[in-house]
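# Notes for the structure review
Residue strings, one per chain:
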Amino acid sequence: MMIASQAQKTEGVLPRCTLCPACCELSVAPNGPDIWRTEYPLGEGDGLCPRGSVLGELLGHRRRILAPGKRVDGQVRQLQMDQAYREILDAAGRGGITFILDPNLPCEQLSEAASWVQAWPEAKLCFAVEPAERELLLGTEASGAEYLSGRELGDCDGFLMIGDVFAANPICARGVFDRRKAGSRTPIVVIDPALGTTAKFATHLVITDVGGELGALTALAGAVGVDIDLTGGQTSKDSSSAQAAGAALGGCRKLAVLIVAEYGRSAAWREVGYLAGAIAKKLGGGVAPQTNGANPLAAVRLSQRMGTVSLASAMSPSEHVRVVLAVDVLGMLGWSSADEAKMLAAAAGLPNVTTDAAQIILPTTIPGEIGGTYLLTGQRSILVSPALAAPAGVPTPAEIIAALAGMAGIAKGDASAGADPLKRLKLKAPKPHPALGEPKPLALLLGRQAAQAGCGTLTGHGSWEAAIQPVPPLRISPQDARGMKLKHLGAANVACGARCVQARVYITPELAPGAVVLPEGASGTRALIPSKIDSENDTLVAAPATVAISPANGND
Amino acid sequence: MPQESEIVTKRVLINLDRCIECGSCAAACYVSHANMPVVGFARSGFALLPLICRQCKAASCVETCPVEAMVRDENGVVRRLLLQCIGCGSCAKACPFGVLPAAPAGVPTGFRSTDRISGHQIAKCDLCEDRTTGDDGAVPRCVAACPTGALVFADERDTSAEAVGVLGGRTTGEDPFKRR
C-alpha cells in the first residue's frame, strides 16, 4: 500500500518519534553492548521532549519481551511462536477472535491488519483509539475545520487552547511563543479546570468547573459570533471570563485552536471538537488536536471506512477471545487485571497492565522500530523510517495477524481499496450533550505530563521517567489542604473506592477549591477513575469522581 | 582569575518566558550522561525552572575544590574530573547559583551511592564537549532537546541573541501566573 504517494506533501524520510503529532526527528546511538540511547540533532532544531528522549532506551531495554510465553499457575513459561499461535486459534475456535490494535501504527500496518480481518468471518478488528480522543476527532472532522501543523502556528494571530496542550505536545509551544514574540498582544485563551502548564501562559484564563469545558466554550463561541449550543441549555456558571476571552479573540484573522482530550473529564469531547472547529472556521484558522501518538486521526478515518468495531464493543463481554496488539488497552482504560475483560493474548514490546492480565504473551515491535506513513496533520502525511531494526524474530502487529490468519487458512482480502487516511470523514453535527449536573466535591482531575505518554506504561520504562516521579504529585488548593491537614510536599493517600495511590502534596493557590489534580501518566492514577462502557452511545466514558484524601505516614 | 582567552564565550542561556517546565533539557542530559543528571530544577512558586551551569568567569567551584577535580579545561569549560572527585560537596556549597546539587531535579547523583567510584561524584555540566568541540554549529543536548526555544547556546558577545537580554535580571517572582 503506497499511501505516501497519495499525499499532497510528503516530507523527507527520517527516523522520528511517533509518540505525539509533533513527529520530532531523532536518532539512536550505542550506549553499551545492545544498549541504546536517543541522540539529538547536532544543531538547535525543533526539540525533543522527554518522551522522545526515552525511545532510544526502550529499543534495547532489559525488560524487553523477546519470546512468547504462557501463564501457568502464575508463572510465565516460554513457548515457541507457532505453539502460541496454535493456542490462540484453538481458543478462538469456540467463539471467534477480536484483535485490538494499537492505533498509532503506520497506515500500512493498519490497512494490512484490516485486509486480513476483513477476509476472516470469525474475526473482528478494533483500532484502540483512546475513547475521549476518538470522540474529539470525530467532532473536529464533522466541523470541517482545517488542521494546522506545528509550523503553521507561528502564522496565527490568536490561540485558544483547551486542556494542557503544552504538556501533551511540548513542541507546539514553540509556534505559540514565536507568534507572541512577534506580537506581544496576541491573545492566548486557555480552558483547563486543572490549570496545567499551559494555563500559566494564558492572557485570558476561562474559569470553568470540572467537566464544564463545553459550557465555557459555548459561552466563548457566542462572544465571537458562533451561535451553536450543544449543551442542551447548560451554560457556564461564570461566563464573564469566557465572554472576555471571546472578545479578545474576536479580532483574530487566523485563530489556532489547540485541543487535548484529557482523560477522565467526561467533557463531551465530540461536541467540544465540533464547536472548537466551528470557532476556528469562523475566525479563519484551524484546529490542532494533540493526541496520544501521531496517528489516531488516521486510525479514526480508516476505522470508519474499513468496518472495524468500536473499543466499547471490543471490550464488552462476548464469546470472542481478545488478542491485544501493541497497545496497553487495560492501562489506557484504567482497568486492572481483576476486571472482567479477560485477555487471552497480548503482544507488547515491554510489560504493561495488559500483558500482566493475558494468558499468552507475544513479543512485538515498539515505536522506533516500524517505518511507514503517519498522518502528520489532516491533509498531509509523513513517511517515517525506523530508528533501529526490530530484534530478530520479533513480528510487527500486522505480521502476527497475518500469521494467525494464515494458520487458520484465510486468504488475504483487499480492504485498502478506498481506504485513504488523507480523505476527510463526512459526518453530521453532534447532538446536544445532556447537562453534567453539579460538580462533585473534591473531584479528581487527571492532567497530562510532558514526561509520560498516554497511560505511561510504555514510557514509564524509561530511566528518567522512573527517576523523577516515583511518587506522583498531587495538586490541591490551600483551602482543601488545610481542611485535610495536608502539608506542602507531604505524603498523602488518594483513594477512590477500593483503589488508592500515594502522592506527594503540592499546594497550588491558583487551583479552585473542590478539585485535585494528579498526572494521568503516573502508575495507577487512571485506575482511580476507570472507564465504563456506555452501550447506548457505543463508547467508553471516564467521569470525574470524588476522592478521599488523607495524610500518609511520614507526612511531617 | 583565568585569562580572557581561556573562558568560554558561548553559554547555555534561558529565556524564562519560553520555559514550559517540560523537563526535556533534564531528560536529554540524563540519558546522555550515563543516567547522571546535570541539569536540575528549582521550584519558584509554582514554576519549575531548569538550573544550568553558567560557566562562571571566576568559578567558585574551581577555587574551592580541595583536590583539583574541578578544573577549567583547554577549551575554557569548567568541568569535573571523574576519577579525581572525592565527593566532598565543597563545590556544591560554593556555587552561588546552586546548580551543583547532589540531587538535581530531585534525582540523586552518584554522590550517595556506595559504589567505590561513582559513589564520589558531583554532577557537573561539561557543555556536551563530545558534541560541541570543533563544531561551531553544534549545541549541547539540553539545547537541542528544548522544544520551545527557551534554551539557546549563544555567544554572550552577540547582543542580538534573544536570551542575552533576558539574562539581565528578569525573574519569575513568586507568582508565575502573573509573570508574563
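Okay, so let's go over this structure. Think of each chain on its own: its residues are numbered from 1, step by step along the sequence as written. A letter from A marks each chain and a number from 1 marks each ligand, given out in the order of writing. Reporting in this predicted model follows two pLDDT cut-offs: at least 70 for local features of residues, and 80 or more for side-chain atom pairs to be given and counted; totals over whole chains, interfaces and linings ignore these cut-offs and use all residues. The basis for the side-chain values is all heavy atoms of the structure; hydrogens and waters are excluded.

Here we come to the nonpolar core. Here is a general trend for soluble globular proteins: nonpolar side chains tend to be buried in one another's company. Residues grouped as a nonpolar core are buried Ala, Val, Leu, Ile, Met, Phe, Trp, Tyr and Cys residues, joined through side-chain atoms within 4.5 Å. Summary of the burial criterion: residues with accessible area below 20% of their type's maximum are buried, those above 50% are exposed, and those between are partly exposed, where the area comes from a 1.4 Å probe applied to protein chains only. In this structure, A:Phe99, A:Leu160, A:Ile162 and A:Ile279 are the most contacted members of the largest nonpolar core, which totals 86 residues. Start and end points for every domain follow an automatic or database-based domain assignment. Structurally, this core is a two-domain feature, drawing no fewer than three residues from each of domain 1 (1-129 + 294-423) and domain 2 (133-289) of chain A. Residue contacts for A:Phe99: discarding those within four places in its chain leaves A:Val117, A:Trp120, A:Ala123, A:Lys124, A:Leu125, A:Cys126, A:Val323, A:Leu325, A:Ile401 and A:Leu404. Core analysis: the second largest hydrophobic core is formed by 61 residues, A:Cys17, A:Leu59, B:Cys29 and B:Val77 among them. The criterion used for residue contact is that any of the two residues' heavy atoms lie within 4.5 Å.

Residues and elements named next belong to chain A. A pair of Phe, Tyr and Trp rings is counted when the ring centres sit within 6.5 Å of each other, with Trp represented by its six-membered ring. The angle between the planes then sorts it: under 30 degrees is stacked, over 60 is edge-to-face, the rest tilted. Counted according to the given criterion, the structure contains five aromatic pairs over all chains. Ring geometry for Phe166 and Phe177: centres 5.7 Å apart, planes at 70 degrees, overall edge-to-face. Residue Phe166 is located in helix 6 (residues 165-168), and its partner Phe177 is located in helix 7 (residues 172-182); the two are separated by 11 residues in the primary sequence. Taken together, the ring pairs in this structure connect Phe166, Phe177 and Phe201 into an aromatic cluster. Arg526 extends its terminal NZ or CZ atom over the ring of Tyr263, reaching a point 4.4 Å from the ring centre. Labels follow the DSSP assignment, with helices taken as runs of H or I lasting at least four residues and strands as runs of E lasting at least two, numbered in each case from the N terminus. Comment: the charge-over-ring label is applied if NZ (Lys) or CZ (Arg) is within 6 Å of the ring centre and within 35 degrees of the ring normal.

With that settled, the discussion passes to unusual backbone geometry. Residue and element names in this part refer to chain A. A positive phi is found at Asp34, a non-glycine position, where the angle reads about 60 degrees. Take Asp34: its relative accessible area is 64%, and that puts it in the exposed class. The residue Leu195 is not glycine, and still its phi comes out positive at about 50 degrees. Note that Leu195 resides in the loop between strand 10 (188-191) and strand 11 (204-206).

So, on to the pattern of salt bridges. Close approach of charged atoms lets side chains of opposite charge pair. What makes a salt bridge here is a side-chain nitrogen of Lys or Arg within 4 Å of a carboxyl oxygen of Asp or Glu, nothing more. Under the counting rule described, the total for this entry stands at 21 salt bridges over all chains. The salt bridge involving A:Arg448 is made with A:Glu133; its shortest N-O contact spans 3.4 Å. Residue A:Arg448 is found in the loop between strand 19 (443-447) and helix 16 (463-468), and its partner A:Glu133 is found in helix 5 (residues 131-143); the two are separated by 315 residues along the sequence. For the pair A:Arg448 and A:Glu133, one class covers both residues: buried. With a shortest N-O distance of 2.7 Å, B:Arg18 and A:Asp178 are connected by a salt bridge. Remark: A:Asp178 occurs in helix 7 and B:Arg18 occurs in the loop between strand 1 (10-14) and helix 1 (24-32); the pair is interchain, linking two chains.

Our next topic: helix 1 of chain B. With nine of nine residues buried, helix 1 of chain B lies mostly within the body of the structure. B:Ala34 sits one or two positions beyond helix 1 of chain B and adopts a positive phi of about 50 degrees.

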